[in-house]
Amino acid sequence: MKIIDSHTGGEPTRTIISGLDLPTGAAATRDFIANEADWIRTTLINEPRGFDAIVGACLCKPLDDSCVTGVVFFNNDSCLHSCIHGTIGIIETLAHLGRITPGEHRIETPIGTVTATLAEDHTVTVKNIPSYRHAAKLTVEVPEFGPITGDIAWGGNWFFLISDQGPALHSANIPALTHFTNSVRQALHAQNITGANGEEIDHIECFASPAAGLQADSQNFVLCPGSAYDRSPCGTGTSAKLACLAASGQLTEGQIWRQASIIGSIFQGSFESLPDSDKITPIVTGRAFITGETTVIIDPNDPFKNGIPS
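Residues numbered from 1 in each chain as written. Predicted model: local features only at pLDDT ≥ 70, side-chain atom pairs only at ≥ 80, totals over all residues. Heavy atoms only, no water.

Draft legend 1. Expanded view of helix α3 (residues 84-96). For α3, which comprises 13 residues, the first-to-last C-alpha distance of 18 Å matches the rise-based estimate of 18 Å (1.5 Å per residue) to within 8%. Most of α3 sits inside the fold, with 12 of its 13 residues counted as buried. When α3 is considered as a whole, its buried residues turn out to be Ile84, His85, Gly86, Thr87, Ile88, Gly89, Ile90, Ile91, Glu92, Thr93, Leu94 and Ala95. Of the residues trailing α3, Gly98 is marked for its positive phi of about 80°. (Helix = DSSP H or I, 4+ residues; strand = E, 2+ residues; numbered from the N terminus. Expected span 1.5 Å × (residues − 1). Buried < 20%, exposed > 50% of the residue type's maximum accessible area, 1.4 Å probe, protein only.)

Following this line, the structure appears as structure tokens:
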């Protein structure tokens, strides 16, 4: 199995570029990995090869011939619906391999097709799937922290977005922020608060004013499934934020929003309105960098060949 590692805004993406026999289509490949071949995920993400922050990307043949590739994303917990930082990472990976050149490229994901434009300077702009705010100013009682109010939004994953509550947003508070956001997620689950159609809210996103010196509109901390935090500003999370800003009239179509992560990396976001709909098309721009190329060797005698169970 051949992989290429990259990072987008500090968040790693580990892309499988060859070596697997996979179904055609992103949705079928996601089902295959989730139900029959979870060893692919655990081999790449779990120790001793990986660590909790890595997001895996498995390239596959798309059903839609207009797409340059299909992709399935997964992390230390499970397969993901989508991943925009990872999409930026696979575009840079495909460019590194010489499979694409600057221009617009369609990518098939299990939840729909996204469009990514590779610029000459290697920034990548992703037009995400339609996103929307599902509920506004919903309050959940969180043990130890009391009532916490936030919005529920879909940006390719389900998010509970919290502004100016909980521990202060700076890197020294990452353990405290992790505990807080985990507590919120557990409270949402316990109180049966969900996204549309009962779908689990598995990402928790906190916002505050950016740290001094950051050229951004806000700074966030994002807890992902599996309880690792996102080093990048989170592309699906930024999409969810844009949907909330659009719904509340705080951001207009085409207006730029600069979203900083807990480590200070920045995505640029904006949106296009969808006619006769409360949904938007989020547009997120970032940059990825290649960090390594590896051949994964799976020794049948290795007791941890498919990773240390988490």
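Draft legend 2. Representation of helix α4 (residues 174-190) within the structure. Between its terminal C-alpha atoms α4 stretches 24 Å, which fits the 24 Å expected from 17 residues at 1.5 Å a residue. What α4 keeps buried is the set Ile174, Leu177, Thr178, Phe180, Thr181, Asn182, Ser183, Val184, Arg185, Ala187 and Leu188. Elements in contact with the buried residues of α4: β8 (132-142), β9 (146-154), β10 (158-163), β11 (203-208) and β12 (218-223). In the stretch just after α4, Asn192 is the one whose phi turns positive, near 55°. (Contact = heavy atoms within 4.5 Å.)

Draft legend 3. Expanded view of the side chain of Arg185. Tracing the backbone through its elements, the reader meets Arg185 in helix α4. A polar contact is formed between the side chain of Arg185 and the side chain of Asn182, at a distance of 2.9 Å. The residues touching Arg185, leaving out its near neighbours within four places in the chain, are Ile201, Asp202, Ile204, Leu223, Cys224, Pro225, Gly226 and Ser227. (Polar contact = N/O pair within 3.5 Å; in protein donor to acceptor, adjacent residues only side chain to side chain.)

Draft legend 4. Molecular detail of the packing of aromatic side chains. In this structure the tally under the stated criterion is 4 aromatic pairs. Considering the side-chain rings of Trp154 and Trp158, the 5.3 Å spacing of their centres and the 50° angle between planes classify their relative orientation as tilted. Taken individually, Trp154 and Trp158 each receive the classification buried, so the pair is uniform in this respect. Put simply, the rings of Tyr132, Trp154 and Trp158 touch in pairs and so form one group of aromatic residues. Note that Arg231 overlies the ring of Tyr229, its terminal NZ or CZ placed 3.9 Å from the centroid. Lying over the aromatic face of Phe207, Lys241 brings its terminal NZ or CZ to 4.1 Å of the ring centre. (Phe/Tyr/Trp six-rings, centres within 6.5 Å; stacked < 30°, edge-to-face > 60°. Lys NZ or Arg CZ within 6 Å of the ring centre and 35° of its normal.)

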